[in-house]
Amino acid sequence: MPAESAESAGNAPRTFSADGEWAEELQELAVRRAEAAAMGGEEALAKMRAQGRMNARERIAALLDPGSFREMGRVAGKGRYDAEGFFQGISPVNAIIGNGRIEGRKVVVSADDYSLRAGSSEATISDKWVYAERMALTLKMPLVRLVDTAGGSVKLLEQQGSSKIPGYPNWPVVELLRTVPVVGVALGSCAGLGAIKVLMSHFSVMVRDQAQVFAAGPPVVKQAYGVSIDKNDLGGYTVHRRSALVHNEASSEEDALAQVRRFLSYLPRNAARLPTRTACSDAPDRADDWLKNAIPKDRRKVFDARRILASVFDEGSIFEIGRYQGGSVITALARLDGYPVGVLCSDPRVAGGAMTLASAWKTERHVKLCDTFGLPVINLVDQPGNATGPEAELQGTLLGAVRVMMTLETIRVPWMSMILRRAFGMAGGLHAPKYFPQLNHRMAWPSARWGSIPIEGGVAAAYRSEITAADDPEARRQELEAYYHRIGSPFRTAEKFGILDIIDPRETRSVLCDWIEDAYEVLEANRPTQR
């Protein structure tokens, strides 16, 4: 009797003989597993290779630690039997599920097999992939969805002889988001259910020019609206840079899977646990001298926010999320002295750093992620206020700011703000949660300024007539602005203890590394009572 290698099924390499009293059944099991491992057959797999795409099993192998995948439901599918009921073969389900490890930590993986019926979500046994999701929830371990599905198929009507009302009542998709880290990876055209699998996640990434995410593909759009459109123009990465449906983009499948591994490295196994501190060789008291001049004296000039982040946090630890969306705020995960943290940072190079509708949504989403999984938040602030003008008002930008306000006052993770330059107006006030039991722990650089409105705009509004009537309007405007800037010095606020402290920018890393140790003590003390 031939022997079966568990390695072929993706599990740890091990070989068993198929003999003894149950030899016939073990032989049938080996055949069923071999046919499942063959997926859609060599022709379908060769077609994917020719397109530069990995198949589902190759993707799982690239994601997980070598030899760690334990597949489940391998023999599920559509069996073929002769007239006497003897097994003849099986067409496997186009969903591959199981658990494995990423950097030694267990995760659940659910992968669409595009080589079988284009990964159609309706040409499968939904109970299989739903079980994987329920297992992630029940065992409280992270879930990674490798999505490559063409969505539903009208051919299902003929196969079943009836239609199905949409929905999966046993799918705990919302509860998963409250409980464990969930990742969605778009690896092909993800329509309908496939799109939802990508979007209902804490982190999503799509492969440039290979993946698309949309409610329905070009044929449906053509039928419904009479519009012919390329699938990338409909739901490719350039579209979702603007829509913010998908967080990140990747240059290749390997890059996408590497981003998944990195994202999960900052998070705990589930919301009841704390993130794991890693070894750190970057000294907590490292001080980069250039930081003293990081903020230009000329308030009309911008600065490189990402360079500041790289200087303040552990070397090489910045993992940015949603770089091309709502660009006036940078959202990222990082480490301080090895401790994982959530990061917000204004970017004056986009919309002057103002809070737009897109950046408000981005901020809200990131803060909720940090609160769910116990990541202390550090906010580096240069906020001139809410975006203004006809377009901003039409978009409802203030509603986005209100949602940020509501979110901030519900979170319970420790928070620290460092005001680098501006904190003006309503959006400037949204740099931190402020109400009991939260501690409004904030410091500032000497370059910081704050108030109800920026001084330049305030002087122009309050002294319009006086400036116009002056012999030299420009000189009078500058004189007034200089006067109010002196009054608006952050040192005057610090004199009244309106700000905890003004620090030398070069002290920032040391101050934050000292704080993060205490923040994790708070999390360890409070976290169990919050779940």
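Residues numbered from 1 in each chain as written. Predicted model: local features only at pLDDT ≥ 70, side-chain atom pairs only at ≥ 80, totals over all residues. Heavy atoms only, no water.

A. Representation of the overall build of the protein. The helix and strand inventory of the protein stands at 21 helices and 21 strands. Reported as C-alpha extents along the three principal axes, the dimensions of the protein are approximately 105 × 55 × 40 Å. Put simply, the protein has 531 residues, and 49% of those count as buried. Taking as baseline every contact in the protein between residues at least 6 positions apart, the subset at least 24 positions apart corresponds to 74%. Counting every atom, the protein has about 25,500 Å² of accessible surface; 54% of that belongs to carbon and sulfur. In the protein, 65 side chains carry a positive charge and 64 a negative one; their mean positions are 3 Å apart. (Helix = DSSP H or I, 4+ residues; strand = E, 2+ residues; numbered from the N terminus. Buried < 20%, exposed > 50% of the residue type's maximum accessible area, 1.4 Å probe, protein only. Contact = heavy atoms within 4.5 Å. Areas by Shrake-Rupley, 256 points an atom, 1.4 Å probe, with all protein chains shown as cover. Lys, Arg positive; Asp, Glu negative; His and termini not counted. Charge placed at Lys NZ, Arg CZ, Asp CG, Glu CD.)

B. Focus on empty space enclosed by the protein. Inspection of every chain in the model, using the stated rule, returns 3 cavities of 30 Å³ or more. Looking at the largest cavity, its volume works out to about 180 Å³. Along its surface, the largest cavity is lined by 15 residues, and V329, M355, T363, N379 and Q383 are the ones closest to its centre. Those elements that provide at least two residues to the lining of the largest cavity are β16 (339–346), α13 (357–372) and β17 (377–383). A per-class count over the lining of the largest cavity returns 8 nonpolar, 7 polar and no charged. (1 Å grid on protein atoms, 1.4 Å probe; cavity = no way out; pocket = protein on both sides within 12 Å on 5 of 7 lines; lining within 4 Å. Points joined across faces, edges and corners; volume = space filled by probe spheres on them. Nonpolar A, V, L, I, M, F, W, Y, C, P; charged D, E, K, R; others polar.)

C. Region of the structure containing helix α15 (residues 397–408). In this model α15 runs 17 Å from its N-terminal to its C-terminal C-alpha over 12 residues, within 8% of the 16 Å that 1.5 Å per residue would give. When α15 is considered as a whole, its buried residues turn out to be T397, G400, A401, V404, T407 and L408. All buried residues of α15 lie within an arc of 120° about the axis, which places them on one face of the element. Exposed and oriented more than 90 degrees from the buried face of α15 are L399 and M406. (Expected span 1.5 Å × (residues − 1). Arc of directions from axis to C-beta.)

Shape descriptors only; they carry no functional weight alone.
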